[in-house]
Amino acid sequence: MTECFPELVAAGSAGNAETVRLLRECGLENRIHVRSLAAVIQRLEAERAAQKTAMQLGNTVEAETICLPYGRGGILAAVYLAAVMRKSGVEIRLRAVPVRPETIAVAEALGRNPYRMDTVGVLFLTAHSDSLVQRLRAAGIPAACIGRFVPGLDKCVVDKTER
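This text gives an overview of the structure that appears in the document. Bear in mind the structure is a predicted one, so any value in this text is a computation, not a measurement.

How each quantity is defined
- Residues numbered from 1 in each chain as written.
- Predicted model: local features only at pLDDT ≥ 70, side-chain atom pairs only at ≥ 80, totals over all residues.
- Heavy atoms only, no water.
- Buried < 20%, exposed > 50% of the residue type's maximum accessible area, 1.4 Å probe, protein only.
- Helix = DSSP H or I, 4+ residues; strand = E, 2+ residues; numbered from the N terminus.
- Pairing = 2+ DSSP bridges.
- Salt bridge = Lys/Arg side-chain N within 4 Å of Asp/Glu carboxyl O.

A few words now on the pairing of strand S1 (residues 7-11). Most of S1 is tucked away: four of the five residues are buried. Across five bridges, S1 lies against strand S4 (residues 121-126) in antiparallel orientation. Each residue of the ladder has a partner; that of Leu8, found in S4, is Leu125. The sheet contact formed by S1 and strand S5 (residues 143-150) spans five bridges and is antiparallel. Along S5, the bridge assignment pairs Ala10 with Ala144.

Here is the structure:
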């Protein structure tokens, strides 16, 4: 890559795959109330189906953009594995990660971490995060620049000015 420490762009909301599964399997048993359950599941499934589109959009932004589809272990696992693969540190802003309110409701009700829930998404390593995020959002795909790689091997969660 032309830039030594690229930014991270997440496409797809955290926990989308596991939210669908949990709402179908145990939503009623655990009294998880979500308005328009069928519509929520349909939105989440459409988002999952958009993974291929997200990868195609990522490849049109810059030749050096790296697309990493991820799933099991969620966005935190994907970011960690990308940092290990690059042998560098990473700073991630959890508040920037796209996550749907329904996922937060399910995660809170069942004691799960929404950032570790199974997700059908794509993690992009790019020097052009703004244009990529704009293209993804224009296609209806939840996306945000969630962090960047940094020198060293530290993996930090950064929100606002706190480390």
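Moving on from the model shown.
Under the definition given, this model contains five salt bridges. With a shortest N-O distance of 3.2 Å, Glu102 and Arg43 are connected by a salt bridge. Of this pair, Glu102 sits in helix H5 (residues 101-110) while Arg43 is found in helix H2 (residues 37-49), placing the two residues 59 residues apart along the sequence. A relative accessible area of 13% means that Glu102 is categorised as buried.

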